Amino acid sequence: ISNHEVFIYAILPTMAEERRPKQCTVVLPTESMKAMAESIGVGQLQEESCAALSEEVSYRIKEIAQDALKFMHHGKRRKLTTSDIDHALKLKNVEPLYGFQSQEFIPFRFASGGGRELHFYEEKEVDLSDIINTPLPRVPLDVSLKAHWLSIEGVQPAIPENPPPAPKEQQKAESTEPLKVVKPGQEEEGSIQKGQGAISAEAKGKKEGLMRMKPRSTHELSVEQQLYYKEITEACVGSCEAKRAEALQSIATDPGLYQMLPRFSTFISEGVRVNVVQNNLALLIYLMRMVKALMDNPTLYLEKYLHELIPAVVTCIVSKQLCLRPDVDNHWALRDFAARLMAQSCKTFSTTTNNIQSRITKTFTKSWLDEKTQWTTRYGCIAGLSELGPDVIKTLILPRLTVEGARIKAVSEGPVVSNIDKIGADHVQSLLLKHCASVIAKTRPLPDNMEQYRADYGYLGPTLCSHVVKARAQAALQAQQVNRTTLTITQPRPTLTVSQSGIGGSGGSRSPSIIKVPSSLTLMSTRPGTPTQPSPPATKYIVMATSAGASSTQQVLDGSLVITLSSSSGSSVTSTVASATSTLQPLVKLESRGAGGLGGSRPLQKYIVVSLPTSASSSLESKSGMLPPSSSSTSPISLEAGMKMDHTGYVPNGTLLPI
Amino acid sequence: MAAVQDGQLNMEVEKDIKTEITNDGSGNINANSSSPGSTSSGGKSKSPAGSGEDQQTLLAVLQFLKRNKLTESVDILRREAGLSADADDSPVSDSAGAGSGGVPNVSADGGDANSLLSRVSIATPVAPPATAPPKATGSMASGGEDQPDVNVVLSAYSQQGDPVLYPLYYNGLKKFIESVLDCHRAELSQVFYPLFVHMYLELVYNNHENEAKQFFEKFSGDQECYYEEDLRILSSMSKKEHMKGNETMLDFRTSKFVLRISRDSYQLLKRHLQERQNNQIWNIIQEHLYIDIFDGMPRSKSQIDAMSGSLAGEGKRDANKAKVFYGLLKEPEIEVPLDDEDEEAENEEGKPKKKKPKKDSMGSKSKKQDPNAPQQTRIPLPELKDSDKLDKIMNMKEATKKIRLSPDNLPSICFYSFLNAYQGLTAVDFTDDSSLIAGGFADSTVRVWSVTPKKLRRVKSAADLSNIDKESDDVLERIMDEKTASESKILYGHSGPVYGISFSPDRNYLLSSSEDGTVRLWSLQTFTCLVGYKGHNYPVWDTQFSPYGYYFISGGHDRVARLWATDHYQPLRMFAGHLADITCTLFHPNSNYVATGSADRTIRLWDVLTGNCVRILTGHKGPIHSLAFSPNGKFMASGATDGRVLLWDVGHGLMVGELKGHSDTIYALKFSRDGEILASGSMDNTVKLWDTLKAFDDVELDDFTAATGHIHLPENSQELLLGTYMTKSTPVIHLHFTRRNLLLAAGAYNP
């Protein structure tokens, strides 16, 4: 029977699904019996024997699976593991199957063809030298104990260790179906069912009060909340960067903020209105970072406040003037950042009813097409559009390259109008090059002919061509990188181990060692030390960035694990990788940015972005899809570098702010 | 009131023998037979045929032992039973023949225990004598040597009916039951499930595979949903060969399914079956069902549903008649050097509470013995050491600072999350003073943490110890090795996941039970293993120290709970009777009883002194995973995989409440120190608090309900729910009230 036991693993998924249908009359196909008989040298098994065998084997397997369930229950788990099966076999006095120790992964693949269906065991060839050269994985963290208050005298405190007091669905229900909530008592009931809080005597009294009062009075803030609000808003716009980082972190992670959300929203929109008029760039940046933090908080239902937040964000993208000295101050970075925020909110919140994305697109396009639009606004419009993704770039920006090129030419080669216009035109040019090159690299067939480009794209053509060539080269290089890197992710579950194999492809002096933790940073494992996030399907991920002198923080957000490492090297390798990878393979993105592009002599940054497949692989895909496309052209501003990562996590970076 | 059949006793006998043989293997007969009290489980005290039957049983056991060359055991048993040395050879066939009422003795190897067993089992008066014996011998010949009982057990199915008629019979009965008056319908519907099972098994046994399949498909949908789990196992059995060695199968066969039916309903059924000459069904009812008839009103559907659901029907009412001394033992009087304030406080709230740690330092108030309490010396308890006394004093001081809980004053909950446990946390325990936490893990380790600033230290090595000045005052400090101080210690020794863990009350020892079949005793002074108790050959699911230390109980896959004393490497008592794995074990606060919960969906209460089963509590619809006694010993709570908590009155053996609310297995239950609040923790990541005071108050026990056990459960479990606290993603697997009534919860964070 030992041969057949292997099949336990194959049918386990079937067994698990059999919860609903009452009886399982599933029997292994007789072909499997034949195949197994052949594999041990018994040819020509009678059909009847096969049938008898398969019934017997199915029965035994079911028996073992039922025993294994016992072990699962006593292991206090919901998931049946291979070790449960081993123990069940041991109960039956059968030698357990050795070698299937992994917790998650069932090593069978399904294939069909030629009329035969097969489950087979996938064994890849492994290059030993790769394994030997792989740096050792990080030691898994040891078990540790952490205490927190689940309840204080019957009331559950709203701390990150506890689930958010009002789950997103409830917030949504409140905002979308207010009538339902108004019904007295229902709220209380709902909260009981959802496991929120207790009905202490006090709460009971409240409940009776609610009978007469509309429950919308939740906008009242407790004294603590008012204090918190004051502290947070002061820190967010204050001068102490460390405090600000903490405050933003709190906004991004705290589960109990939903009651303060309307205040925050108003604070931001009013703040933007005032500071745009006063051209206070720093404050605008702070406010945008607050928006970012709010959006990062998985427990908040922001939809209700978009009408205030989106205008504020759009203002920061397209406003004519955002700072006092447009020729010196780097308001471009703010526009980029806000544009990215806009893109993110389009992705998250756009639905067929509110149509945010198309409305935003229209707004941008309209003002871009306007002849009288200033360069600053023009830049904002283009940035806003191009952040919306390659499709938007392809349909809206590429066709206008020629026109835009001519306009740029007029400024840069024509008579000097004003310095400001010239700077604006320069920025628009580099922005267009950056975004268009990667899109063209993906869509336009080879060869890249300078003349052809000029014919197609006008003034910008030749420059664009060289960018495209570069982008293509890096994409190819990176594809290679990924293949190698995938192999070295050895221990997907307990700790995430990322390492780069060799330096082969990338050349240069990049050290092949794995993640080095820069002194100012802490590297968090996939499992945070505390149960920080309730983010259900997603794994944790961490963003870390460093550049010389940058004060860095990390943030835990939804989606994927992002690890950045810093090392200084002269390589200017950059590329992105096609995001189509098999679901079981960790998705690895390597992006290293060099000073090669339009470059200044900025410190280099490299990011390795690793995302693990989770159940929510679709969300992952989208996350990775949001990674900036190939970025061969680098803005010479370090702010750009910091913000590059906004898609996965924003790094509050002290040096970014030219105050 | 009367049992329907005379053959019942025979069946019991056979069952007992069988459990012994299958469960213990030959190695452990020793322990069992030396305490004959434990052999007979359940309430078969009134035996009409008395001594003759007993002797027959004994002889059968003797035969078995002899055959397996266990001569020592034979001697012991003989001595214990007072049998003469030659009594066992000759009279076997005689007594068997006499006992079994005229069944011809056809067995080939006359004196064999096998044949005796088979005769006993066939000996039911209703079994058609023409068909049974040849079949019995036939199947015996084909059966393996290793499990002699299986064929015997199966032989009862050998009677042949026309397989085509089975669905007709069943349908006929169904139609009849549907047509009877409402009040009887619910009661009579109880017979559907056991009938269905036995008819199906008969079909399978007689190789009518297709008919069995059809029969199953046709009628399995009619069965109550809580039997789903069993039906699934049943459906996978489609061949006679499968029945051999299948535990569930054996359970069905060896244990009679117990039904409680009012006399009127029963008469109705009987008349119907006799009118129709429906022998097939009548035979099954006679053979495999035990119908417990009572006089009075038929029970309602909800009453029946509340009690049914176990593998073998409800407990017999007789089984719950024995008196249980549920009161608490008197606490020893300890002279306490009380601080004045403490004394004040003590006197203020000094109204006598039935609470375990409740002691009266002045010895004035609780001098009276609780009438329900067992005698102080009913079982020998270890003597108090000085350190124990100190601890009790501490306990009392703490108790004065205890928060009085009530629905308006809920406890705070402190949650201990095990991080990075990778789903490997399988058991947790706290010490009574809440200073230590122990965790059992799937990787076979046991880890102990100190949750107070006091670190864990090991005693110095023997060589170092000899250098210590033994006269010094702080010798207890000096023997500790400062170098080994750490917040946690890991205990290595098991070779399988650790499923049960328990601290001794004096905090010197830790017990752990594991998949590897052993229970280990660890010293918390040296952090080494002291003893490995071997006896369970299969996974040991749970173990628990007695509240007075010294004794402990363990139970596991082999369906036998064993009572041990720490200084004996063999069990003192073996409690056999459960029909499936024992999943959880618990001592009564007075240490005279142990409760075991099982995968057969029953809870049994065993008397430590006699080894008898004194309560069988049915009503759960899934394997029971947690038990808790109220501090006054009067009530018990149990939680199962079905997400319900049931409350029991131990003294009357009645279900007194049902708490619905959890959506997944309940792994942790605990009463607050004064018993006002019950906390339950579940796989669904919540801790819930229940108002037990109200729950127990609501129960009205008039004489009738107490006598019949038919209780109307209040339908208000939502009103009893005081609070629900959700964790982020941490199943709650242990709960503990500190001496000041702070609730501690523990579980592994499961991202």
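These numbers were taken from a predicted model, which means no experiment stands behind them. (Residues numbered from 1 in each chain as written. Chains lettered and ligands numbered in written order. Predicted model: local features only at pLDDT ≥ 70, side-chain atom pairs only at ≥ 80, totals over all residues. Heavy atoms only, no water.)

A. Structural detail: the overall build of chain B. Each helix and strand in chain B was counted, giving 25 helices and 31 strands. Here chain B, with 751 residues, has 61% of them falling under the buried criterion. Within chain B, contacts between residues separated by at least 24 positions form 62% of all contacts whose residues are at least 6 apart in sequence. In the form shown here, chain B has an accessible surface area of approximately 28,500 Å², with 50% of it arising from carbon and sulfur atoms. (Helix = DSSP H or I, 4+ residues; strand = E, 2+ residues; numbered from the N terminus. Buried < 20%, exposed > 50% of the residue type's maximum accessible area, 1.4 Å probe, protein only. Contact = heavy atoms within 4.5 Å. Areas by Shrake-Rupley, 256 points an atom, 1.4 Å probe, with all protein chains shown as cover.)

B. Broad picture of the pairing of strand β18 (residues 582-587) of chain B. Residue and element names in this part refer to chain B. With six of six residues buried, β18 lies mostly within the body of the structure. Relative to strand β19 (residues 593-598), β18 runs antiparallel, the two sharing five bridges. What sits directly across from Thr585, in β19, is Thr596. Between β18 and β19, which pair antiparallel in sequence order, lie five residues; one of them, Ser591, sits at a positive phi of approximately 70 degrees. (Pairing = 2+ DSSP bridges.)

C. Broad picture of the UniProt feature "repeat: WD" (unreviewed entry) in chain B. Residue and element names in this part refer to chain B. On the UniProt side, "repeat: WD" (unreviewed entry) is annotated at positions that read residues 418-459, 491-526, 533-574, 575-616, 617-650 and 659-691 here. Between the C-alpha atoms that bound residues 491-526 the distance is 10 Å, and the span itself is 0% helix and 53% strand. Here residues 617-650 is 0% helix and 59% strand, with 9 Å between the C-alpha atoms at its ends. (UniProt positions renumbered as here; feature names shortened; annotations may be inferred.)

D. Spotlight on the sheet that holds strand β17 (residues 573-576) of chain B. Residue and element names in this part refer to chain B. The strand order across the open sheet built from four strands is β14-β15-β16-β17, with neighbouring strands paired in antiparallel fashion. Of all the strands in the sheet, just β14 (540-545) and β17 have a single pairing partner and so form its edges. Neighbour to neighbour, the strand axes of the sheet diverge by 20 degrees on average, direction disregarded. Both β14 and strand β15 (residues 551-556) contribute to a ladder of five bridges, which runs antiparallel. Residue pairing for β15: Thr543 is matched across the bridge by Ser554. (Axes fitted to C-alpha atoms, helices over the stretch in contact; angles between N-to-C directions.)

E. Layout of the confidence of the model for chain A. Per-residue confidence for chain A averages 66 on the pLDDT scale, and 59% of its residues sit at or above 70. Here residues 180-217 of chain A scores under 50 on pLDDT; set against residues more than four positions off or in separate chains, the count is 46 contacts. (pLDDT = per-residue confidence, 0-100.)

F. Just the packing of helix α2 (residues 30-39) of chain A against helix α3 (residues 47-74) of chain A, in detail. Residue and element names in this part refer to chain A. Direction vectors running N to C along α2 and α3 enclose 100 degrees, while the axes themselves pass 8 Å from each other. With respect to their mutual orientation, α2 and α3 come out roughly perpendicular. The residues of α3 that touch α2, namely those facing Thr30, Met33 and Lys34, are Glu47, Cys50, Ala51, Leu53, Ser54 and Val57. Grouping the constituent residues of the contact of α2 with α3 by class yields five nonpolar, two polar and two charged. (Parallel < 35°, antiparallel > 145°, perpendicular 65-115°, else oblique. Nonpolar A, V, L, I, M, F, W, Y, C, P; charged D, E, K, R; others polar.)

G. Expanded view of the side chain of Ser435 of chain B. Residue and element names in this part refer to chain B. Mapped onto the secondary structure, Ser435 falls in the loop between β4 (425-430) and β5 (436-441). Residue classification places Ser435 among the buried residues on the basis of a relative accessible area of 13%. Here Asp433 takes part through its side chain, which lies 2.9 Å from a polar atom of the side chain of Ser435. What Ser435 contacts, discounting residues up to four positions off in sequence, is Trp449, Ser450, Val451, Thr452 and Arg507. (Polar contact = N/O pair within 3.5 Å; in protein donor to acceptor, adjacent residues only side chain to side chain.)

H. A look at the sheet that holds strand β3 (residues 413-419) of chain B. The four strands are arranged β3(A)-β3(B)-β31(B)-β30(B) in an open sheet whose pairing can be described as mixed. The sheet is open, and its two edges are formed by β3 (144-151) of chain A together with β30 (734-737) of chain B, each paired on a single side. Recorded for the sheet is a direction-independent mean angle of 25 degrees between the axes of neighbouring strands. As paired strands, β3 of chain B and strand β31 (residues 743-748) of chain B are joined by six bridges and run parallel to one another. Counted as the bridge partner of Tyr416 of chain B is Ala746 of chain B from β31 of chain B.

I. Highlighting the nonpolar core. Ranked by internal contacts, the top residues of the largest apolar core, which has 87 residues, are Ile268, Val272, Met288, Met342, Leu432, Cys436 and Leu464 of chain A. Val191, Phe219, Ile261 and Ile285 of chain B belong to the second largest nonpolar core, which has 44 residues in total. (Core = buried A, V, L, I, M, F, W, Y, C linked by side-chain atoms within 4.5 Å.)

J. Representation of the pattern of salt bridges in the model. On inspection of all chains with the given rule, the structure shows 42 salt bridges over all chains. For the salt bridge of Lys34 of chain A with Glu47 of chain A, the shortest nitrogen-to-oxygen distance reads 3.0 Å. Linking Lys34 of chain A in helix α2 with Glu47 of chain A in helix α3, this pair joins segments that are 13 residues apart in sequence. Asp433 of chain B serves as the salt-bridge partner of Arg507 of chain B, at 3.2 Å between the closest nitrogen and oxygen. Within this pair, whereas Arg507 of chain B is found in the loop between β10 (498-503) and β11 (509-514), its partner Asp433 of chain B is found in the loop between β4 and β5, the two being separated by 74 residues in sequence. Under the relative-accessibility criterion, Arg507 of chain B is labelled partly exposed at 22%. For Asp433 of chain B, a relative accessible area of 26% gives the class partly exposed. (Salt bridge = Lys/Arg side-chain N within 4 Å of Asp/Glu carboxyl O.)

K. Local environment of the environment of Glu482 of chain B. With respect to the helices and strands, the residue Glu482 of chain B is situated in strand β8 (residues 480-486). Spatially, the C-alpha atom of Glu482 of chain B lies 6.5 Å from that of Arg457 of chain B, the residues being 25 residues apart in sequence.

L. Layout of the interface of chain A and chain B. Taken together, the 62 residues of chain A in the interface contact 70 residues of chain B. Taken together, both faces of the contact between chain A and chain B bury some 6,100 Å²; the carbon and sulfur share is 55%. For the pair chain A and chain B, the number of links is four salt bridges. Lys70 of chain A is paired through a salt bridge with Asp581 of chain B; the nearest N and O atoms lie 2.8 Å apart. Summed over the shared surface of chain A and chain B, the result is 16 residue pairs in polar contact (both at pLDDT 80 or more). Elements that contribute at least two residues to the side of chain A that touches chain B include exactly α3, α4 (82-91) and β3 of chain A. Per-element accounting of the side of chain A that touches chain B gives the leading share, eleven residues, to α3 of chain A. (Buried area = accessible area lost by both parts, 1.4 Å probe.)

M. Expanded view of the pairing of β5 of chain B. Residues and elements named next belong to chain B. The buried fraction of β5 amounts to six of the six residues, a majority that puts the element mostly inside the structure. Of the two faces of β5, the one carrying Leu436, Ala438 and Gly440 and the one carrying Ile437, Gly439 and Phe441 are both buried. Summarising the sheet, β4 and β5 pair through five bridges and their orientation is antiparallel. Among the inter-strand pairings, Phe430 is bridged to a residue of β5, identified as Ile437. Hairpin connection, β4 to β5: the antiparallel pair is bridged by five residues, and Ser434 has positive phi, about 60 degrees. Pairing of β5 with strand β6 (residues 446-450) involves five bridges; the strand directions are antiparallel. By the bridge assignment, Gly440 is partnered in β6 with Val446. The antiparallel pairing of β5 with β6 creates a hairpin that spans four residues between the two strands, and Ser444 there sits at a positive phi of about 75 degrees.

N. Looking closely at α3 of chain A. For α3 of chain A, which comprises 28 residues, the first-to-last C-alpha distance of 41 Å matches the rise-based estimate of 40 Å (1.5 Å per residue) to within 8%. Just downstream of α3 of chain A lies Lys76 of chain A, where phi reads positive at about 55 degrees. (Expected span 1.5 Å × (residues − 1).)

O. Focus on unusual backbone geometry. Although it is not a glycine, Asn279 of chain A adopts a positive phi angle of roughly 55 degrees. With respect to the helices, strands and loops of the structure, Asn279 of chain A is situated in the loop between α12 (261-277) and α13 (281-296). Exposure remark for Asn279 of chain A: the relative accessible area of 15% places this residue in the buried category. We note that Phe527 of chain B has phi near 55 degrees; this positive angle belongs to a residue other than glycine.

P. Up close: the confidence of the model for chain B. A residue-level look at chain B finds 74% of positions with pLDDT of 70 or above and a mean pLDDT of 76. Confidence drops under a pLDDT of 50 for residues 1-50 of chain B, and excluding neighbours within four residues, the segment shows 93 contacts in the predicted structure.

Q. Main features of the packing of helix α14 (residues 306-318) of chain A against helix α16 (residues 356-369) of chain A. All names here are of chain A. For the pair α14 and α16, the least separation of the axes is 12 Å and the interaxial angle reads 30 degrees. Taken together, the axis directions place α14 and α16 in an arrangement best described as roughly parallel. Here α14 and α16 pass one another in a crossing that is right-handed. Residue-level inspection shows Leu306, Ile310, Val314, Ile317 and Val318 of α14 in contact with α16, the latter providing Ile356, Ile360 and Phe364. The class makeup of the residues in the contact of α14 with α16 is eight nonpolar, no polar and no charged. (Left-handed = near helix turned anticlockwise from the far one by under 90°.)

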